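Listed here are the chains, written in short residue letters.
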Amino acid sequence: MKKEGKTTHGKIAGIIANLVTVEVDGPVSQNEICYIKLADIDLMAEVIKVFETKVFVQVFESTRGLKIGQAVEFTNAMLEVTLGPGILSRNYDGLQHDLDRMEGVFLKRGDYTQALDFEKLWDYTPLVNIGDVVIAGDWLGEVIENVMPHKIMVPFKFEGKYTVKKLTPAGQYNVNEVIAILTDSKNNEVNVTMTQTWPVKIPIKTYKNKPRPFKLLETGVRTIDTLNPIVEGGTGFIPGPFGSGKTVLQHALSKQAEADIVIVAACGERANEVVEIFTEFPEIDDPRTGRKLMERTTIIANTSNMPVAAREASVYTAMTLGEYYRSMGLKVLLLADSTSRWAQALREMSNRMEELPGQDAFPMDLPAIISNFYSRAGYVFLNNGHTGSITFIGTVSPAGGNLKEPVTESTKKVARCFYALSQQRADSKRYPAVDPIDSYSKYLEYPELQEYLRKTSAKIGLKKCFLPKITC
Amino acid sequence: MRGKEASEQINILGDDGVPINYHLSFWRGEVIDFVILQQDAFDDIDKQTSLERQKFLLEKVLEICETDFNFESFDEVNPYFKRIINNLKQMNYSEYKSEKFNQYLSELTTITDERK
């Protein structure tokens, strides 16, 4: 978050691949963003360790050409995403730069593009009245983004209560236009536009409470719904060897699951697979709206040939965008393919910093990092009584199909649904290759879900359980 | 799970080395596998199954799995269950409760009645 004060400067003292050490002349905080000056371009980097006046930063670009002594400027802000209307149907990189606005076949170093279209006009309608008291996350107005209602909210960074002093009437505005003026308890005026920023590594917590999820999420995939159902706001993961259909299963889920918004984080996958997503998704018809699926989808792509540090950021960027839409009372389905590559990015940096390695050289705190990330998903009650959810399904590509490796093990501890893809089933062309015996859904043990299933007509109705682990 | 065990036993002991019940367990497992677990992600109808349809299908499959079919010899089991699987798969590819769907459903009832 942005702090007031003097800008800190530094000079490069050492370079190890994309880990750069910088000697600084002032205060620097963990995860702060800085820019390294290289001829006519600025390279974006993030602080990952601070020791006395020595700061370790991971550069989101190739560090080719950097020299000792080059200038670094710190921003006093953490890595942030820009939130506002126009996120849907865009293709971003891991740092929320719009890929479609970049020129050339390959991405140029230091080519940073804007996340939103600041010129486009949106049909805005206010949802509050002058004199209303609001807090962070409350809905001030609404625009229609493609087909989805997009709420303009009190910025999440605002603390305490605010009173609506002035409202802009309904009409067409661009995202930078002031749509409301609020006053805080000390009568200071603040302008609110349709956009706001939020640091990706901090969860957005502008909800009232976050109960255990209990509502079934219909996916239309029989082996999931009938045997091991996932719930709205639930977490699941799909480990599977190469070619066992992880990606096809995720695509099937993104197309058919009962979600309002789909966010796909293609993290560290091969570029040709990601290109497939880019070319396929705009063509797919949405069975729910009758339009194109892409209109309610955002893709965050960070392929295996893109810088490794940005790969780590990409899953956080995806989750933050998901939390933003959840605050609007929408059902978000977040798919990450694959979380193993993200863990590999963490491992690379950890090793370069010469930290004590854990199992398979992954950082010691890998289980904690994975748990923290998965816990950001969930079903929430907003302050205005509406509900929203993020259902997170990640894939894991265990090396050599070994399900005992650290990423799978750590994920198993936190994700409540486990859809094991079996090589044997894939080889005998039994798709989806989800192994019915190894897979499980711990949500079936939740009395809340059982109660929900009993109550609603959407009961999956297991007359007799043919798998002994299912209790219903 | 029982189907998987039965399949291993049949593989080890041979088709005629196990009781008919083993064949029945194996083929019941195959019905669940082919009809419920397997799904065609590239077929317009089969790619998505509504909860109502899943419930219907599950009940139908369980009904078949719970029925005691009569067989004289083990080599009658394989073709009979293949007919059932084929019929149910055709149902999966037809629109729910459409004329075609109902036609396959009545064909299925005829097949299952044959050996009750």
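Structure: above.
First, a word on what this report is: a plain description of the structure on this page. (Residues numbered from 1 in each chain as written. Chains lettered and ligands numbered in written order. Predicted model: local features only at pLDDT ≥ 70, side-chain atom pairs only at ≥ 80, totals over all residues. Heavy atoms only, no water.)

### Section: the overall build of chain B
Helix and strand counts for chain B come out as 5 helices and 0 strands. Going from N to C terminus, chain B has its helices and strands arranged as α-α-α-α-α. Taking 13 Å as the expected radius of gyration for a compact globule of 116 residues, we find that chain B reaches 15 Å, a close match to that expectation. Overall size of chain B, expressed as C-alpha extent along the three principal axes, is 45 × 30 × 20 Å. For chain B, the proportion of contacts with a sequence separation of at least 24, taken over those separated by at least 6, is 65%. On chain B, the mean spot of the 14 positive side-chain charges and the mean spot of the 23 negative ones are 4 Å from each other. (Helix = DSSP H or I, 4+ residues; strand = E, 2+ residues; numbered from the N terminus. Rg over C-alpha atoms; globule rule 2.2 N^0.38 Å. Contact = heavy atoms within 4.5 Å. Lys, Arg positive; Asp, Glu negative; His and termini not counted. Charge placed at Lys NZ, Arg CZ, Asp CG, Glu CD.)

### Considerations on the side chain of Glu323(A)
Take Glu323(A): it is sitting in helix 4 (residues 308-326). Setting aside residues up to four positions removed in sequence, Glu323(A) forms contacts with Ile202(A), Pro203(A), Ile204(A), Arg376(A) and Ile390(A).

### Comments concerning the interface of chain B and chain A
Of the residues lining the interface, 27 residues belong to chain B; the matching set on chain A comes to 27 residues. Where chain B abuts chain A, roughly 2600 Å² becomes buried across the two surfaces, and 57% of that area is made up of carbon and sulfur atoms. Between chain B and chain A we count 4 salt bridges in total. Between Arg222(A) and Asp46(B) there is a salt bridge, with the nearest N and O atoms lying 3.0 Å from each other. Taken together, chain B and chain A are joined by 17 residue pairs in polar contact (both at pLDDT 80 or more). Here the element with the most residues in the side of chain B that touches chain A is helix 3 (residues 51-66) of chain B; it accounts for 8 residues. A class-by-class count of the residues in the side of chain B that touches chain A yields 12 nonpolar, 7 polar and 8 charged. (Buried area = accessible area lost by both parts, 1.4 Å probe. Salt bridge = Lys/Arg side-chain N within 4 Å of Asp/Glu carboxyl O. Polar contact = N/O pair within 3.5 Å; in protein donor to acceptor, adjacent residues only side chain to side chain. Nonpolar A, V, L, I, M, F, W, Y, C, P; charged D, E, K, R; others polar.)

### A look at the packing of aromatic side chains
Geometry of an aromatic ring pair is reported as the spacing of the ring centres plus the angle between the planes. Counted according to the given criterion, the structure contains 28 aromatic pairs over all chains. Measuring from ring centre to ring centre gives 4.9 Å for Phe158(A) and Tyr162(A), while their planes differ by 35°; the resulting arrangement is tilted. In this structure, Phe158(A) and Tyr162(A) share a single accessibility class: buried. Ring geometry for Tyr80(B) and Phe81(B): centres 6.0 Å apart, planes at 85°, overall edge-to-face. No difference in accessibility class separates Tyr80(B) from Phe81(B), as the two residues are buried. A network of ring pairs unites the aromatic residues Phe26(B), Trp27(B), Phe69(B), Phe71(B), Tyr80(B) and Phe81(B) as a single cluster. Lying over the aromatic face of Tyr316(A), Lys201(A) brings its terminal NZ or CZ to 5.2 Å of the ring centre. The ring of Tyr446(A) carries Arg212(A) above its face, with NZ or CZ at 3.9 Å from the centroid. (Phe/Tyr/Trp six-rings, centres within 6.5 Å; stacked < 30°, edge-to-face > 60°. Buried < 20%, exposed > 50% of the residue type's maximum accessible area, 1.4 Å probe, protein only. Lys NZ or Arg CZ within 6 Å of the ring centre and 35° of its normal.)

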